[in-house]
Amino acid sequence: MDIAKMTAVELGRKIKTKEISVREAVEAVFDRIKSVEGEYNCYVTLCEEQALKKAEEIQKKIDDGTLTGPLAGVPVAIKDNMCTEGVLTTCSSKILYNFKPTFSSEAVLNLEKAGAIIIGKTNMDEFAMGSTTETSAYGVTRNPWNTEHVPGGSSGGSCAAVAAGEAFMALGSDTGGSIRQPSSFCGVTGIKPTYGTVSRYGLVAYASSLDQIGPVGKDVADCAALLEVIAGHDPKDSTSLDRKDLDFSKSIEEKKLLGMKFGVPKEFLAKGLDPEVKDAFMETLKVLTSQGAIVEFFSVETMEYMIPAYYIIASAEASSNLERFDGVKYGYRAAEYEGLHDMYKKTRTEGFGEEVKRRIMLGSFVLSSGYYDAYYLKALRTKALIKQEFDRAFDKYDVILAPAAPYTAPKIGESLKDPLAMYLGDIYTVAVNLCGLPGITVPCGQDKAGMPIGIQMIGNCFGEHKILRAAAAYE
Ligand code: GLN
């Protein structure tokens, strides 16, 4: 029995029936980590000792019937931008190299309540800014399908860990595609939930109006189970929703595509899309129609404004959110300085990486007087227009289909040479965040070099049940 190969739900079931002990599950995943982590670098921090201790505690609670959920005893990895009490939370940045939070994020607490066991913190692009996990201050994560390639980003560590069997499931965060794009590159499944579904309390903010925590798993069932555990109303997050429809695992019981209406934005298949990715996408459409789904093409007129609107809004919010890292309250402080201002300046100059500084500068620029109206306000108006377009589309369709990314995982070292070109690679994912919509990536093929390709299913707000049902049926 190769425990590391099991899905989270399978493992949870076997733990419940006592075929596997919680300790065995934790040991199995650390055995796997020890044998391949040197090659992939999925983690910034590992918590083996704590996990083994926790295993005993959780086992008792399962045995005495206190813990009965599907993920009790299942090991989980957490992206390193979610606070974990007493455990390093670096956001893959030098500026937080020694930051140990005094509290845990709500999503992590919910996981712990369900009996899941935290095994470590996964690598990411610094402060979740990037699409390759190469902007991490702690080294690049390698794609387990081919170590010359990136895993995608920014949740590259979480997706690579699940793909490599170094985690049964993981949490990621998605501000402009950071769960859906690396899921595509690593051949795993990942969900960006409707904005407000998972509490952002304790998630280190990148762009607060876009950030959302979500599950990464080996299949749709794992993602549904994980989302069900982390979702819920939290008064500590003022944007948290009080939804009553959180029974996500239920929605995949009925694996039916018959009569479901799918819309495909024509413009998404035009220039810039790699032909092999397009072929895999078109094949998927055929599979859906053969199962009784209706697939139609429609036009999205705002496509060319999605990336500019996203990068203006995200950078504006980032520049404000990252003001708190000043060498006073947390993390790194420059060793030598003259006076307070010099301390701020040197700390931030030395503590932040290039990509983060680029965003802070861009964000400060678009928010500064004289430019605020011309850029930031205009971006907000554009966002409203994009949302109107999606609203109209959802009057007609249950689910919108899109590639997760225009290409498969690029080689390490290729993307950062041209940051603007890298930003354009987010074209299929950012609108979902601008509009607060849910989206799931499921694997749909491979290119000739054997790198995975994913398809994205996008739902209307609160439409998780529909996209889960469609994804499970397709899977
Ligand atoms: N690649 C996008 C960016 O760099 C998305 C990142 C994310 O979703 N966190 O902003």
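Right above here is the structure, for reference.
Residues numbered from 1 in each chain as written. Predicted model: local features only at pLDDT ≥ 70, side-chain atom pairs only at ≥ 80, totals over all residues. Heavy atoms only, no water.

## Regarding the pairing of strand 10 (residues 439–446)
- Sheet topology note: the strand 5 (residues 189–192)/strand 10 ladder contains three bridges and is antiparallel. Of the residues in strand 10, the one forming a bridge with glycine 190 is threonine 441.
- Strand direction decides the pairing type here: strand 10 and strand 11 (residues 452–459), joined by seven bridges, are antiparallel. Across the sheet, residue glycine 439 finds its bridge partner in strand 11, namely isoleucine 458.
- Counting the residues between successive antiparallel strands, the hairpin from strand 10 to strand 11 contains five residues, one of them, glycine 450, with a positive phi of roughly 85°. (Pairing = 2+ DSSP bridges. Helix = DSSP H or I, 4+ residues; strand = E, 2+ residues; numbered from the N terminus.)

## Quick look at the environment of leucine 67
- Secondary-structure assignment places leucine 67 in the loop between helix 3 (48–63) and strand 2 (75–79).
- We classify leucine 67 as buried; its relative accessible area is 12%.
- The spatial distance from the C-alpha of leucine 67 to the C-alpha of lysine 113 is 8.6 Å, given a sequence separation of 46 residues.
- When sequence neighbours within four positions are dropped, the list of residues in contact with leucine 67 reads Ile58, Lys61, Ile62, Ala72, Lys113, Ala114 and Gly115. (Buried < 20%, exposed > 50% of the residue type's maximum accessible area, 1.4 Å probe, protein only. Contact = heavy atoms within 4.5 Å.)

## What about the packing of aromatic side chains?
- A full pass over the atoms with the stated rule returns 15 aromatic pairs.
- Aromatic pair phenylalanine 99 and tyrosine 330: ring centres 5.3 Å apart, planes at 85°, arrangement edge-to-face. Of this pair, phenylalanine 99 sits in the loop between strand 2 and helix 4 (106–113) while tyrosine 330 sits in the loop between helix 10 (303–321) and helix 11 (339–351), and the two are 231 residues apart along the sequence.
- The buried category is assigned to phenylalanine 99, whose relative accessible area is 15%.
- Looking at tyrosine 330, the relative accessible area reads 26%, which means it is partly exposed.
- Relative to tyrosine 311, the ring of tyrosine 310 lies with its centre 4.8 Å away and its plane at 90°, an arrangement referred to as edge-to-face.
- A cation over an aromatic ring shows up here: lysine 94 above the ring of tyrosine 332, its NZ or CZ 4.8 Å from the ring centre.
- Directly above the ring of tyrosine 201 sits lysine 236, whose terminal nitrogen or CZ lies 4.8 Å from the centroid. (Phe/Tyr/Trp six-rings, centres within 6.5 Å; stacked < 30°, edge-to-face > 60°. Lys NZ or Arg CZ within 6 Å of the ring centre and 35° of its normal.)

## Describing the sheet that holds strand 9 (residues 399–403)
- If you walk across this open sheet you meet the eleven strands as 1-3-2-4-6-5-10-11-9-7-8, and the pairing is mixed. The open sheet has two free edges, formed respectively by strand 1 (43–46) and strand 8 (294–298), since each of these has just one partner strand. On average, adjacent strands in this sheet sit at an angle of 30° to one another, irrespective of strand direction.
- Bridge count between strand 7 (residues 261–265) and strand 9: two bridges; the pairing is parallel. (Axes fitted to C-alpha atoms, helices over the stretch in contact; angles between N-to-C directions.)

## What about the pattern of salt bridges?
- One pass over the structure, following the stated rule, counts 25 salt bridges.
- Across the pair aspartate 174 and arginine 180 runs a salt bridge whose closest N-O atoms are separated by 2.8 Å. Both residues of the pair, aspartate 174 and arginine 180, count as buried.
- With a closest N to O distance of 3.4 Å, lysine 256 and glutamate 254 form a salt bridge.
- Classification of lysine 256 by relative accessible area gives partly exposed; the value is 37%.
- Look at the salt bridges and you will find they share partners, linking Arg23, Glu27 and Glu56 into a network. (Salt bridge = Lys/Arg side-chain N within 4 Å of Asp/Glu carboxyl O.)

## Some details on the site of the ligand
- The local shell around the ligand holds 15 residues, among which Thr175, Gly176, Ser178, Tyr206 and Tyr310 are the closest.
- Between the ligand and alanine 128, the relevant distance is 2.9 Å, taken from a nitrogen atom to a main-chain nitrogen or oxygen of the residue.
- Note that a nitrogen atom of the ligand is positioned 3.4 Å from one of the side-chain N or O atoms of serine 154.
- The fraction of the free accessible surface of the ligand (290 Å²) that becomes covered by protein chains is 99%.
- Among the residues forming the shell around the ligand, the class breakdown is five nonpolar, seven polar and three charged. (Near = heavy atom within 4 Å. Polar contact = N/O pair within 3.5 Å; in protein donor to acceptor, adjacent residues only side chain to side chain. Areas by Shrake-Rupley, 256 points an atom, 1.4 Å probe, with all protein chains shown as cover. Nonpolar A, V, L, I, M, F, W, Y, C, P; charged D, E, K, R; others polar.)

## Description of the side chain of threonine 90
- Tracing the backbone shows threonine 90 in the loop between strand 2 and helix 4.
- Taking relative accessible area as the criterion, threonine 90 reaches 1% and is therefore assigned buried.
- A distance of 2.9 Å separates a polar atom in the side chain of threonine 90 from the backbone nitrogen of serine 92.
- For threonine 90, the residues in contact, after removing those within four places along its chain, are Val44, Asp80, Leu96, Tyr97 and Tyr138.

## Observations concerning the packing of helix 2 (residues 22–40) against helix 3
- Packing of helix 2 against helix 3 leaves a shortest axis separation of 8 Å and a crossing angle of 155°. Judged by the inter-axis angle, helix 2 sits roughly antiparallel to helix 3. For helix 2 against helix 3, the interelement crossing comes out right-handed. Here Val22, Arg23, Val26, Glu27, Phe30 and Lys34 of helix 2 lie close against helix 3, whose contacting residues are Glu48, Ala51, Leu52, Ala55, Glu56, Ile58, Gln59 and Ile62.
- For the contact of helix 2 with helix 3, the per-class residue count stands at eight nonpolar, one polar and five charged. (Parallel < 35°, antiparallel > 145°, perpendicular 65-115°, else oblique. Left-handed = near helix turned anticlockwise from the far one by under 90°.)

## Thoughts on the nonpolar core
- In terms of nonpolar packing, the biggest core is built from 150 residues, with Phe127, Phe262, Leu401 and Met457 touching the most fellow members.
- The leading source of residues in this core is helix 10, at eleven residues.
- If near-sequence neighbours (up to four positions away) are discounted, phenylalanine 262 is found in contact with Leu257, Leu288, Ala293, Ile294, Val295, Glu296, Tyr397, Val399, Leu401 and Ala470. (Core = buried A, V, L, I, M, F, W, Y, C linked by side-chain atoms within 4.5 Å.)

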